[in-house]
Amino acid sequence: MSKPATTSPSAENTQLKDIVAHAKEYGFVFQSSEIYDGLAAVYDYGPNGVELKNNLKRLWWEAMTQLHGNVVGIDAAIFMEPRTWEASGHVAGFNDPLIDNLDSKKRYRADVLIEEKAAEYEKAGDPARGAALTAELGRLLTENDLAGVKQLILDEKITDPLSGSSKWTDVRQFNLMFSTQGSAVDSDAPPVYLRPETAQGIFVNFLNVQKSARMKIPFGIAQIGKAFRNEIVARQFIFRMREFEQMEMQFFVRPGTEGEWYDNWKAARRRFHEAIGLPAEKLRFHDHDKLAHYAKAAVDIEFEFPFGFKEIEGIHSRSDFDLTQHQNLSRKKQQYFDNDLDPATGKPYGNYVPYVVETSVGADRLFLATICQAFQEETITEGEGEAQTTKQRTFLKLHPAVAPIKAAIFPLVRKDGMPEKAQEIFDSLRFDFRLVIEDKDAIGKRYTRQDLIGTPFCIVVDGQTLEDDTVTVRDRDTREQTRMPISALRAYIGEAVSFRRVFEKL
Ligand code: GAP
(Lines give C-alpha, C1' and ligand atoms only; values in the text may rest on other atoms or scores of the structure.)
Protein backbone atom coordinates (compact mmCIF):
# COMPACT_ATOMS: atom_id res chain seq x y z
CA MET A 1 0.00 0.00 0.00
CA SER A 2 1.38 3.41 -0.91
CA LYS A 3 1.94 6.37 1.36
CA PRO A 4 -1.11 8.65 1.52
CA ALA A 5 -1.84 10.96 -1.38
CA THR A 6 -1.95 14.54 -0.27
CA THR A 7 -4.22 17.50 -0.73
CA SER A 8 -3.94 21.10 0.22
CA PRO A 9 -1.81 21.77 3.30
CA SER A 10 -4.40 24.44 4.16
CA ALA A 11 -6.64 21.53 5.16
CA GLU A 12 -4.27 21.08 8.10
CA ASN A 13 -5.80 22.50 11.20
CA THR A 14 -4.23 23.39 14.52
CA GLN A 15 -7.16 22.22 16.61
CA LEU A 16 -7.15 18.88 14.83
CA LYS A 17 -3.39 18.63 15.42
CA ASP A 18 -3.95 19.17 19.16
CA ILE A 19 -6.64 16.49 19.17
CA VAL A 20 -4.44 14.01 17.28
CA ALA A 21 -1.60 14.62 19.75
CA HIS A 22 -3.98 14.30 22.70
CA ALA A 23 -5.46 11.08 21.33
CA LYS A 24 -2.00 9.55 21.12
CA GLU A 25 -0.64 10.82 24.42
CA TYR A 26 -3.64 9.66 26.45
CA GLY A 27 -4.11 6.24 24.88
CA PHE A 28 -7.04 6.85 22.52
CA VAL A 29 -5.64 6.41 18.99
CA PHE A 30 -2.23 5.39 17.67
CA GLN A 31 -0.91 5.28 14.11
CA SER A 32 -0.85 1.62 13.04
CA SER A 33 2.62 0.00 13.03
CA GLU A 34 4.12 3.28 14.18
CA ILE A 35 7.54 1.77 14.94
CA TYR A 36 7.86 1.14 11.19
CA ASP A 37 6.78 4.74 10.45
CA GLY A 38 3.15 3.74 10.16
CA LEU A 39 0.82 2.45 7.47
CA ALA A 40 -1.09 5.18 5.67
CA ALA A 41 -4.69 5.72 6.80
CA VAL A 42 -4.69 2.80 9.23
CA TYR A 43 -5.02 3.38 12.97
CA ASP A 44 -5.14 1.44 16.23
CA TYR A 45 -7.24 2.25 19.28
CA GLY A 46 -5.48 2.39 22.66
CA PRO A 47 -6.76 1.48 26.13
CA ASN A 48 -9.01 4.55 26.49
CA GLY A 49 -9.93 4.66 22.81
CA VAL A 50 -11.23 1.11 22.73
CA GLU A 51 -13.44 1.78 25.76
CA LEU A 52 -14.87 4.95 24.21
CA LYS A 53 -15.40 3.27 20.84
CA ASN A 54 -17.01 0.20 22.42
CA ASN A 55 -19.37 2.45 24.39
CA LEU A 56 -20.42 4.25 21.19
CA LYS A 57 -20.94 0.94 19.40
CA ARG A 58 -22.94 -0.50 22.30
CA LEU A 59 -25.14 2.61 22.42
CA TRP A 60 -25.83 2.35 18.69
CA TRP A 61 -26.46 -1.40 18.91
CA GLU A 62 -28.90 -1.12 21.79
CA ALA A 63 -30.59 1.95 20.31
CA MET A 64 -31.24 -0.15 17.20
CA THR A 65 -32.01 -3.63 18.51
CA GLN A 66 -33.15 -3.17 22.11
CA LEU A 67 -35.27 -0.09 21.53
CA HIS A 68 -36.97 -1.43 18.40
CA GLY A 69 -38.87 -4.68 18.64
CA ASN A 70 -38.62 -4.99 14.86
CA VAL A 71 -34.83 -4.62 14.46
CA VAL A 72 -32.54 -7.64 14.95
CA GLY A 73 -28.79 -8.01 14.52
CA ILE A 74 -26.35 -10.18 12.61
CA ASP A 75 -22.59 -10.54 12.37
CA ALA A 76 -21.69 -11.54 8.81
CA ALA A 77 -18.22 -12.47 7.51
CA ILE A 78 -15.90 -9.93 5.93
CA PHE A 79 -15.24 -12.23 2.95
CA MET A 80 -18.17 -12.91 0.66
CA GLU A 81 -18.65 -14.89 -2.53
CA PRO A 82 -17.13 -12.61 -5.23
CA ARG A 83 -20.38 -12.47 -7.22
CA THR A 84 -21.87 -10.52 -4.29
CA TRP A 85 -19.86 -7.51 -5.44
CA GLU A 86 -20.86 -7.90 -9.05
CA ALA A 87 -24.50 -7.95 -8.02
CA SER A 88 -24.11 -4.99 -5.69
CA GLY A 89 -22.49 -2.93 -8.48
CA HIS A 90 -19.22 -2.44 -6.61
CA VAL A 91 -17.04 -4.21 -9.20
CA ALA A 92 -18.27 -1.92 -11.97
CA GLY A 93 -19.15 1.24 -10.11
CA PHE A 94 -17.35 1.68 -6.79
CA ASN A 95 -14.79 4.09 -8.16
CA ASP A 96 -13.24 7.43 -7.35
CA PRO A 97 -11.93 9.72 -10.11
CA LEU A 98 -8.19 10.15 -9.67
CA ILE A 99 -5.68 12.41 -11.32
CA ASP A 100 -1.88 12.55 -11.12
CA ASN A 101 0.34 15.57 -11.26
CA LEU A 102 3.19 15.02 -13.71
CA ASP A 103 5.65 17.28 -11.90
CA SER A 104 5.09 16.35 -8.27
CA LYS A 105 4.12 12.73 -9.07
CA LYS A 106 1.39 13.09 -6.44
CA ARG A 107 -2.02 11.51 -6.85
CA TYR A 108 -5.26 13.33 -6.03
CA ARG A 109 -8.98 12.77 -6.11
CA ALA A 110 -10.12 14.97 -8.97
CA ASP A 111 -13.49 15.63 -7.33
CA VAL A 112 -11.82 16.68 -4.06
CA LEU A 113 -9.59 19.19 -5.86
CA ILE A 114 -12.69 20.78 -7.41
CA GLU A 115 -14.64 20.70 -4.14
CA GLU A 116 -11.75 22.49 -2.43
CA LYS A 117 -11.84 25.14 -5.13
CA ALA A 118 -15.59 25.55 -4.54
CA ALA A 119 -14.93 25.91 -0.80
CA GLU A 120 -12.35 28.62 -1.59
CA TYR A 121 -15.00 30.61 -3.49
CA GLU A 122 -17.35 30.22 -0.56
CA LYS A 123 -14.70 31.42 1.90
CA ALA A 124 -13.90 34.36 -0.34
CA GLY A 125 -17.56 35.48 -0.15
CA ASP A 126 -18.77 34.07 -3.49
CA PRO A 127 -20.94 31.11 -2.42
CA ALA A 128 -22.95 31.22 -5.68
CA ARG A 129 -19.80 30.52 -7.71
CA GLY A 130 -18.87 27.73 -5.29
CA ALA A 131 -22.34 26.17 -5.57
CA ALA A 132 -22.30 26.40 -9.38
CA LEU A 133 -18.93 24.63 -9.46
CA THR A 134 -20.16 21.83 -7.16
CA ALA A 135 -23.29 21.42 -9.28
CA GLU A 136 -21.23 21.18 -12.47
CA LEU A 137 -18.98 18.58 -10.85
CA GLY A 138 -22.06 16.59 -9.79
CA ARG A 139 -23.38 16.67 -13.37
CA LEU A 140 -20.07 15.52 -14.89
CA LEU A 141 -19.67 12.68 -12.40
CA THR A 142 -23.24 11.49 -12.88
CA GLU A 143 -22.60 11.38 -16.63
CA ASN A 144 -19.20 9.72 -16.02
CA ASP A 145 -17.66 12.50 -18.15
CA LEU A 146 -14.04 12.21 -16.96
CA ALA A 147 -12.67 14.37 -19.77
CA GLY A 148 -15.13 17.04 -18.61
CA VAL A 149 -13.82 16.75 -15.04
CA LYS A 150 -10.26 17.30 -16.26
CA GLN A 151 -11.37 20.27 -18.36
CA LEU A 152 -13.03 21.76 -15.28
CA ILE A 153 -9.74 21.46 -13.38
CA LEU A 154 -7.94 23.25 -16.21
CA ASP A 155 -10.65 25.92 -16.62
CA GLU A 156 -10.60 26.64 -12.91
CA LYS A 157 -6.77 26.86 -13.05
CA ILE A 158 -6.48 24.35 -10.23
CA THR A 159 -2.83 23.62 -9.51
CA ASP A 160 -1.07 20.97 -7.46
CA PRO A 161 -1.39 22.19 -3.85
CA LEU A 162 2.19 21.12 -3.14
CA SER A 163 4.13 22.14 -6.24
CA GLY A 164 1.83 24.68 -7.86
CA SER A 165 2.13 22.75 -11.14
CA SER A 166 -0.78 22.50 -13.55
CA LYS A 167 0.56 19.55 -15.54
CA TRP A 168 -2.17 16.97 -15.00
CA THR A 169 -2.74 13.49 -16.40
CA ASP A 170 -6.18 12.48 -17.63
CA VAL A 171 -8.75 11.64 -14.98
CA ARG A 172 -9.41 7.92 -14.58
CA GLN A 173 -11.58 5.77 -12.39
CA PHE A 174 -9.98 3.83 -9.56
CA ASN A 175 -11.82 0.94 -7.90
CA LEU A 176 -11.72 1.24 -4.14
CA MET A 177 -12.09 -2.43 -3.25
CA PHE A 178 -9.17 -4.37 -1.80
CA SER A 179 -8.85 -7.91 -3.06
CA THR A 180 -6.91 -10.96 -2.05
CA GLN A 181 -6.33 -14.47 -3.38
CA GLY A 182 -9.22 -16.68 -2.27
CA SER A 183 -7.95 -20.09 -3.32
CA ALA A 184 -4.60 -21.60 -2.32
CA VAL A 185 -4.74 -24.13 -5.18
CA ASP A 186 -6.46 -22.40 -8.09
CA SER A 187 -4.50 -19.33 -9.18
CA ASP A 188 -7.19 -18.54 -11.80
CA ALA A 189 -9.88 -18.32 -9.12
CA PRO A 190 -11.50 -14.86 -8.96
CA PRO A 191 -10.18 -12.56 -6.26
CA VAL A 192 -11.95 -12.40 -2.94
CA TYR A 193 -12.73 -8.85 -1.89
CA LEU A 194 -12.54 -7.34 1.56
CA ARG A 195 -16.03 -5.95 1.93
CA PRO A 196 -16.25 -2.20 1.21
CA GLU A 197 -19.55 -1.95 3.14
CA THR A 198 -21.21 -4.24 5.68
CA ALA A 199 -24.63 -3.83 4.03
CA GLN A 200 -24.22 -6.70 1.56
CA GLY A 201 -23.79 -9.22 4.40
CA ILE A 202 -27.26 -8.12 5.48
CA PHE A 203 -28.83 -8.32 2.01
CA VAL A 204 -27.63 -11.85 1.29
CA ASN A 205 -29.01 -12.94 4.68
CA PHE A 206 -32.36 -11.20 4.25
CA LEU A 207 -34.41 -14.40 3.97
CA ASN A 208 -32.35 -16.34 6.54
CA VAL A 209 -33.05 -13.64 9.10
CA GLN A 210 -36.65 -13.02 8.09
CA LYS A 211 -37.52 -16.71 8.36
CA SER A 212 -35.43 -17.68 11.40
CA ALA A 213 -36.46 -14.66 13.47
CA ARG A 214 -40.02 -14.70 12.03
CA MET A 215 -39.84 -11.02 11.12
CA LYS A 216 -42.76 -9.21 9.54
CA ILE A 217 -42.29 -6.24 7.26
CA PRO A 218 -41.43 -3.51 8.18
CA PHE A 219 -38.33 -4.79 9.96
CA GLY A 220 -34.63 -4.02 10.18
CA ILE A 221 -31.33 -5.91 10.34
CA ALA A 222 -28.43 -4.21 12.11
CA GLN A 223 -24.75 -4.98 11.91
CA ILE A 224 -21.46 -3.55 13.19
CA GLY A 225 -18.30 -4.60 11.42
CA LYS A 226 -15.12 -3.77 9.57
CA ALA A 227 -15.13 -2.42 6.03
CA PHE A 228 -12.17 -1.69 3.75
CA ARG A 229 -11.63 0.90 1.03
CA ASN A 230 -8.45 1.76 -0.82
CA GLU A 231 -9.01 5.50 -0.36
CA ILE A 232 -6.91 7.62 -2.70
CA VAL A 233 -6.84 10.61 -0.42
CA ALA A 234 -6.13 9.58 3.13
CA ARG A 235 -6.10 12.44 5.59
CA GLN A 236 -7.78 14.11 8.52
CA PHE A 237 -6.76 11.45 10.98
CA ILE A 238 -9.38 8.72 11.44
CA PHE A 239 -11.93 10.55 9.25
CA ARG A 240 -10.94 8.67 6.10
CA MET A 241 -9.30 5.33 6.70
CA ARG A 242 -8.55 2.28 4.62
CA GLU A 243 -9.79 -0.08 7.33
CA PHE A 244 -12.73 1.23 9.34
CA GLU A 245 -15.88 0.14 11.08
CA GLN A 246 -19.45 0.70 9.99
CA MET A 247 -22.69 0.48 11.95
CA GLU A 248 -25.37 -0.20 9.37
CA MET A 249 -29.05 -1.00 9.52
CA GLN A 250 -31.13 -2.06 6.52
CA PHE A 251 -34.85 -1.48 7.05
CA PHE A 252 -37.06 -3.59 4.77
CA VAL A 253 -40.38 -2.00 3.85
CA ARG A 254 -43.36 -2.43 1.57
CA PRO A 255 -42.80 -0.64 -1.78
CA GLY A 256 -44.52 2.72 -1.70
CA THR A 257 -43.85 3.32 2.00
CA GLU A 258 -40.12 4.02 1.65
CA GLY A 259 -40.52 7.82 1.59
CA GLU A 260 -42.18 7.83 4.99
CA TRP A 261 -39.54 5.48 6.48
CA TYR A 262 -36.73 7.53 4.96
CA ASP A 263 -38.04 10.63 6.75
CA ASN A 264 -38.53 8.68 10.01
CA TRP A 265 -35.01 7.28 10.07
CA LYS A 266 -33.50 10.58 9.01
CA ALA A 267 -35.05 12.27 12.06
CA ALA A 268 -34.32 9.33 14.40
CA ARG A 269 -30.65 9.22 13.50
CA ARG A 270 -30.20 12.93 14.02
CA ARG A 271 -31.79 12.60 17.47
CA PHE A 272 -29.25 9.86 18.29
CA HIS A 273 -26.30 12.14 17.57
CA GLU A 274 -27.79 14.93 19.66
CA ALA A 275 -28.54 12.52 22.51
CA ILE A 276 -24.91 11.40 22.79
CA GLY A 277 -23.78 15.00 23.06
CA LEU A 278 -23.20 16.39 19.56
CA PRO A 279 -24.83 19.86 19.66
CA ALA A 280 -27.73 20.54 17.27
CA GLU A 281 -25.97 23.57 15.77
CA LYS A 282 -23.00 21.42 14.76
CA LEU A 283 -25.17 18.92 12.89
CA ARG A 284 -26.81 19.42 9.53
CA PHE A 285 -28.41 17.42 6.75
CA HIS A 286 -26.81 17.52 3.32
CA ASP A 287 -28.68 16.03 0.36
CA HIS A 288 -26.38 14.22 -2.08
CA ASP A 289 -25.53 16.05 -5.31
CA LYS A 290 -24.40 12.76 -6.88
CA LEU A 291 -26.26 9.60 -5.89
CA ALA A 292 -24.35 6.35 -5.33
CA HIS A 293 -25.13 3.65 -7.88
CA TYR A 294 -27.67 1.99 -5.54
CA ALA A 295 -29.48 5.03 -4.17
CA LYS A 296 -32.79 6.65 -5.15
CA ALA A 297 -32.49 9.32 -2.46
CA ALA A 298 -29.66 9.98 -0.04
CA VAL A 299 -28.82 12.42 2.69
CA ASP A 300 -25.76 12.81 4.87
CA ILE A 301 -25.79 13.84 8.48
CA GLU A 302 -22.81 16.14 8.72
CA PHE A 303 -20.94 17.24 11.83
CA GLU A 304 -18.87 20.39 12.08
CA PHE A 305 -15.35 19.03 12.60
CA PRO A 306 -12.42 21.43 13.11
CA PHE A 307 -11.90 21.05 9.33
CA GLY A 308 -15.50 21.93 8.47
CA PHE A 309 -18.89 20.22 8.08
CA LYS A 310 -18.31 16.60 6.95
CA GLU A 311 -20.37 13.44 6.70
CA ILE A 312 -20.66 11.14 9.69
CA GLU A 313 -23.70 9.13 8.57
CA GLY A 314 -25.59 8.41 5.39
CA ILE A 315 -29.32 7.65 5.12
CA HIS A 316 -30.11 6.02 1.80
CA SER A 317 -33.31 4.97 0.10
CA ARG A 318 -31.99 1.93 -1.81
CA SER A 319 -35.29 0.78 -3.36
CA ASP A 320 -35.27 -2.95 -4.25
CA PHE A 321 -31.93 -2.50 -6.05
CA ASP A 322 -29.76 -4.82 -3.95
CA LEU A 323 -32.25 -7.64 -3.35
CA THR A 324 -33.26 -7.66 -7.01
CA GLN A 325 -29.63 -7.74 -8.14
CA HIS A 326 -28.91 -10.67 -5.80
CA GLN A 327 -32.08 -12.41 -6.95
CA ASN A 328 -31.00 -12.09 -10.58
CA LEU A 329 -27.41 -13.20 -10.13
CA SER A 330 -27.97 -16.00 -7.59
CA ARG A 331 -31.24 -17.12 -9.21
CA LYS A 332 -32.72 -17.40 -5.71
CA LYS A 333 -35.97 -15.56 -5.09
CA GLN A 334 -35.59 -12.71 -2.61
CA GLN A 335 -39.28 -12.16 -2.02
CA TYR A 336 -41.49 -11.69 0.95
CA PHE A 337 -45.12 -12.75 1.21
CA ASP A 338 -47.11 -9.96 2.81
CA ASN A 339 -50.47 -11.22 4.06
CA ASP A 340 -51.61 -7.83 5.32
CA LEU A 341 -54.64 -6.66 3.40
CA ASP A 342 -54.29 -3.92 0.82
CA PRO A 343 -57.21 -1.54 1.59
CA ALA A 344 -57.50 -0.72 -2.12
CA THR A 345 -58.22 -4.31 -3.16
CA GLY A 346 -59.21 -5.99 0.11
CA LYS A 347 -56.69 -8.72 -0.78
CA PRO A 348 -53.23 -9.50 0.71
CA TYR A 349 -50.37 -7.45 -0.69
CA GLY A 350 -48.82 -10.81 -1.64
CA ASN A 351 -45.29 -11.45 -2.90
CA TYR A 352 -42.81 -8.67 -3.52
CA VAL A 353 -39.14 -7.76 -3.27
CA PRO A 354 -39.03 -5.34 -0.33
CA TYR A 355 -37.66 -1.81 -0.58
CA VAL A 356 -34.85 -0.79 1.73
CA VAL A 357 -34.05 2.31 3.76
CA GLU A 358 -30.49 2.20 5.07
CA THR A 359 -28.81 4.03 7.92
CA SER A 360 -25.01 3.83 7.82
CA VAL A 361 -22.69 5.50 10.30
CA GLY A 362 -18.94 5.08 10.64
CA ALA A 363 -17.93 4.10 14.18
CA ASP A 364 -14.60 5.85 13.68
CA ARG A 365 -16.17 9.06 12.38
CA LEU A 366 -18.58 9.05 15.30
CA PHE A 367 -15.58 8.56 17.58
CA LEU A 368 -13.77 11.48 15.94
CA ALA A 369 -16.84 13.74 16.18
CA THR A 370 -17.27 12.77 19.84
CA ILE A 371 -13.66 13.47 20.78
CA CYS A 372 -13.55 16.74 18.78
CA GLN A 373 -16.69 17.91 20.55
CA ALA A 374 -15.43 16.80 23.97
CA PHE A 375 -11.98 18.43 23.65
CA GLN A 376 -12.23 21.58 25.78
CA GLU A 377 -9.73 24.18 26.89
CA GLU A 378 -10.72 26.69 29.53
CA THR A 379 -9.15 29.22 31.86
CA ILE A 380 -9.95 28.58 35.50
CA THR A 381 -9.48 30.79 38.52
CA GLU A 382 -8.45 29.30 41.83
CA GLY A 383 -8.11 30.76 45.35
CA GLU A 384 -9.22 34.17 46.55
CA GLY A 385 -7.83 37.68 46.96
CA GLU A 386 -4.06 37.92 46.69
CA ALA A 387 -3.73 34.15 46.46
CA GLN A 388 -5.91 34.03 43.36
CA THR A 389 -4.34 32.31 40.36
CA THR A 390 -5.52 31.45 36.87
CA LYS A 391 -4.53 28.47 34.80
CA GLN A 392 -5.46 26.66 31.63
CA ARG A 393 -7.33 23.42 31.89
CA THR A 394 -7.73 20.86 29.09
CA PHE A 395 -10.39 18.24 29.59
CA LEU A 396 -12.61 15.87 27.65
CA LYS A 397 -16.24 16.75 28.26
CA LEU A 398 -17.52 13.35 27.17
CA HIS A 399 -21.08 12.26 27.84
CA PRO A 400 -20.64 10.12 31.00
CA ALA A 401 -22.30 7.19 29.21
CA VAL A 402 -19.40 6.98 26.73
CA ALA A 403 -16.50 7.99 29.01
CA PRO A 404 -13.82 5.23 29.07
CA ILE A 405 -13.57 5.29 32.88
CA LYS A 406 -16.60 6.22 34.94
CA ALA A 407 -14.89 7.09 38.22
CA ALA A 408 -11.37 7.33 39.66
CA ILE A 409 -10.84 6.61 43.35
CA PHE A 410 -8.10 8.58 45.13
CA PRO A 411 -6.84 7.72 48.62
CA LEU A 412 -5.77 11.17 49.88
CA VAL A 413 -2.53 9.68 51.27
CA ARG A 414 -0.93 6.26 50.92
CA LYS A 415 -1.32 5.39 54.62
CA ASP A 416 -3.73 5.39 57.57
CA GLY A 417 -5.95 2.75 55.98
CA MET A 418 -6.96 5.02 53.06
CA PRO A 419 -5.58 2.77 50.26
CA GLU A 420 -7.46 -0.18 51.79
CA LYS A 421 -10.68 1.86 51.92
CA ALA A 422 -10.19 2.90 48.30
CA GLN A 423 -9.74 -0.76 47.34
CA GLU A 424 -12.92 -1.65 49.26
CA ILE A 425 -14.88 0.95 47.25
CA PHE A 426 -13.33 -0.32 44.00
CA ASP A 427 -14.33 -3.92 44.84
CA SER A 428 -17.88 -2.93 45.75
CA LEU A 429 -18.43 -1.05 42.45
CA ARG A 430 -16.35 -2.98 39.91
CA PHE A 431 -19.27 -5.16 38.80
CA ASP A 432 -21.14 -2.02 37.81
CA PHE A 433 -18.56 0.40 36.38
CA ARG A 434 -15.11 0.64 34.91
CA LEU A 435 -13.02 2.32 37.63
CA VAL A 436 -9.38 3.08 38.46
CA ILE A 437 -7.54 3.72 41.69
CA GLU A 438 -4.96 6.52 41.53
CA ASP A 439 -2.67 7.06 44.48
CA LYS A 440 0.37 8.81 42.97
CA ASP A 441 1.05 12.57 43.04
CA ALA A 442 -0.89 15.44 44.60
CA ILE A 443 -4.67 15.38 44.32
CA GLY A 444 -4.63 18.29 41.82
CA LYS A 445 -2.40 16.34 39.43
CA ARG A 446 -4.63 13.30 39.74
CA TYR A 447 -7.71 15.40 38.87
CA THR A 448 -5.85 16.74 35.83
CA ARG A 449 -4.96 13.25 34.63
CA GLN A 450 -8.59 12.14 34.84
CA ASP A 451 -9.86 15.35 33.19
CA LEU A 452 -7.59 14.63 30.23
CA ILE A 453 -9.28 11.29 29.57
CA GLY A 454 -12.79 12.50 30.41
CA THR A 455 -13.50 10.63 33.65
CA PRO A 456 -16.73 12.18 34.94
CA PHE A 457 -16.17 11.55 38.66
CA CYS A 458 -13.22 11.50 41.07
CA ILE A 459 -13.88 9.99 44.49
CA VAL A 460 -11.55 11.06 47.32
CA VAL A 461 -11.04 8.91 50.39
CA ASP A 462 -9.85 11.13 53.25
CA GLY A 463 -9.62 11.15 57.05
CA GLN A 464 -13.34 11.73 57.43
CA THR A 465 -14.09 8.66 55.26
CA LEU A 466 -12.47 6.47 57.87
CA GLU A 467 -14.73 7.94 60.54
CA ASP A 468 -18.12 8.12 58.83
CA ASP A 469 -17.90 6.23 55.52
CA THR A 470 -18.41 9.34 53.40
CA VAL A 471 -16.29 10.47 50.44
CA THR A 472 -16.07 13.57 48.29
CA VAL A 473 -17.11 13.21 44.66
CA ARG A 474 -15.65 15.79 42.28
CA ASP A 475 -17.56 16.57 39.09
CA ARG A 476 -15.33 16.83 35.98
CA ASP A 477 -17.25 19.66 34.33
CA THR A 478 -18.09 21.94 37.29
CA ARG A 479 -15.09 20.87 39.44
CA GLU A 480 -17.50 21.00 42.39
CA GLN A 481 -17.10 18.52 45.19
CA THR A 482 -20.00 16.88 47.02
CA ARG A 483 -19.68 14.79 50.14
CA MET A 484 -21.84 11.69 50.17
CA PRO A 485 -22.01 8.28 51.85
CA ILE A 486 -20.14 5.46 50.10
CA SER A 487 -23.45 3.61 50.01
CA ALA A 488 -24.88 6.34 47.69
CA LEU A 489 -22.12 6.04 45.05
CA ARG A 490 -23.66 3.25 42.98
CA ALA A 491 -26.93 5.11 42.44
CA TYR A 492 -25.20 8.49 41.90
CA ILE A 493 -22.70 7.30 39.30
CA GLY A 494 -25.19 4.83 37.83
CA GLU A 495 -27.72 7.56 37.10
CA ALA A 496 -25.16 9.74 35.33
CA VAL A 497 -23.55 7.05 33.17
CA SER A 498 -26.69 5.08 32.36
CA PHE A 499 -27.55 4.50 28.68
CA ARG A 500 -31.13 5.17 29.73
CA ARG A 501 -30.36 8.90 29.84
CA VAL A 502 -29.38 8.77 26.18
CA PHE A 503 -32.25 6.50 25.16
CA GLU A 504 -34.87 8.70 26.82
CA LYS A 505 -33.96 11.47 24.36
CA LEU A 506 -34.48 9.31 21.27
N1 GAP B 1 -23.67 1.03 2.91
C2 GAP B 1 -23.66 2.39 2.56
C3 GAP B 1 -22.34 3.00 2.67
O4 GAP B 1 -21.33 2.34 2.86
P5 GAP B 1 -21.12 5.33 2.65
O6 GAP B 1 -21.70 6.71 2.68
O7 GAP B 1 -20.12 4.99 1.61
O8 GAP B 1 -22.37 4.35 2.57
C9 GAP B 1 -21.26 5.10 5.23
O10 GAP B 1 -20.48 5.01 4.07
C11 GAP B 1 -20.46 5.68 6.37
O12 GAP B 1 -19.26 4.91 6.57
C13 GAP B 1 -19.98 7.10 6.17
O14 GAP B 1 -20.98 8.03 6.55
C15 GAP B 1 -18.79 7.18 7.09
O16 GAP B 1 -19.19 7.46 8.42
C17 GAP B 1 -18.23 5.77 7.05
N18 GAP B 1 -17.08 5.71 6.13
C19 GAP B 1 -17.11 5.56 4.79
N20 GAP B 1 -15.86 5.54 4.29
C21 GAP B 1 -15.02 5.68 5.34
C22 GAP B 1 -13.60 5.74 5.47
N23 GAP B 1 -12.80 5.62 4.43
N24 GAP B 1 -13.08 5.91 6.71
C25 GAP B 1 -13.89 6.03 7.79
N26 GAP B 1 -15.23 5.97 7.72
C27 GAP B 1 -15.79 5.81 6.52
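Further up the page is the structure itself.
All values reported here derive from a predicted model rather than from experimental measurement. (Residues numbered from 1 in each chain as written. Predicted model: local features only at pLDDT ≥ 70, side-chain atom pairs only at ≥ 80, totals over all residues. Heavy atoms only, no water.)

Novice: Can you lay out the sheet that holds strand β4 (residues 95-100) for me, pointing to particular residues and giving the numbers?
Specialist: Taken in spatial order, the three strands line up as β5-β4-β6 in an open sheet, and their pairing is antiparallel. Edge strands, defined here as strands with exactly one partner in the open sheet, are β5 (107-109) and β6 (172-175). Adjacent strand axes in the sheet meet at a mean angle of 50° when their direction is disregarded. As judged from the four bridges shared by β4 and β6, these two strands associate in the antiparallel manner. (Pairing = 2+ DSSP bridges. Helix = DSSP H or I, 4+ residues; strand = E, 2+ residues; numbered from the N terminus. Axes fitted to C-alpha atoms, helices over the stretch in contact; angles between N-to-C directions.)

Novice: Kindly report on the nonpolar core, identifying the contributing residues and their values.
Specialist: Residues Phe28, Val29, Trp60, Ile238, Phe305, Phe367 and Leu368 are the most contacted members of the largest nonpolar core, which totals 62 residues. It is helix α12 (residues 363-374) that contributes the most residues to this core, eight residues altogether. Both domains that meet at this core, namely domain 1 (24-84 + 191-371) and domain 3 (398-503), each give it at least three residues. Look past the residues within four positions of valine 29 in its chain and what remains in contact with it is Ala23, Lys24, Tyr43, Asp44, Tyr45, Gly46, Phe237, Ile238 and Phe367. In terms of nonpolar packing, the next biggest core, distinct from the first, is built from 19 residues, Phe433, Val461, Val473 and Ile486 among them. (Core = buried A, V, L, I, M, F, W, Y, C linked by side-chain atoms within 4.5 Å. Buried < 20%, exposed > 50% of the residue type's maximum accessible area, 1.4 Å probe, protein only. Domains from an automatic or database assignment. Contact = heavy atoms within 4.5 Å.)

Novice: Tell me about the site of the ligand, and name the residues and values.
Specialist: Taken together, 22 residues sit near the ligand, with Glu197, Glu231, Met241, Glu248 and Glu311 positioned nearest. Here glutamate 197 contributes a side-chain N or O atom positioned 2.5 Å from a nitrogen atom of the ligand. A distance of 2.9 Å separates an oxygen atom of the ligand from a polar atom in the backbone of glycine 362. For the ligand, the protein covers 94% of the area, taking 560 Å² as the surface of the free molecule. Contributions of two or more residues to the shell around the ligand are made by β10 (243-253), β13 (308-319) and β16 (355-362). No other element matches β13, which puts six residues into the shell around the ligand. Classifying every residue of the shell around the ligand by side-chain character gives seven nonpolar, five polar and 10 charged. (Near = heavy atom within 4 Å. Polar contact = N/O pair within 3.5 Å; in protein donor to acceptor, adjacent residues only side chain to side chain. Areas by Shrake-Rupley, 256 points an atom, 1.4 Å probe, with all protein chains shown as cover. Nonpolar A, V, L, I, M, F, W, Y, C, P; charged D, E, K, R; others polar.)

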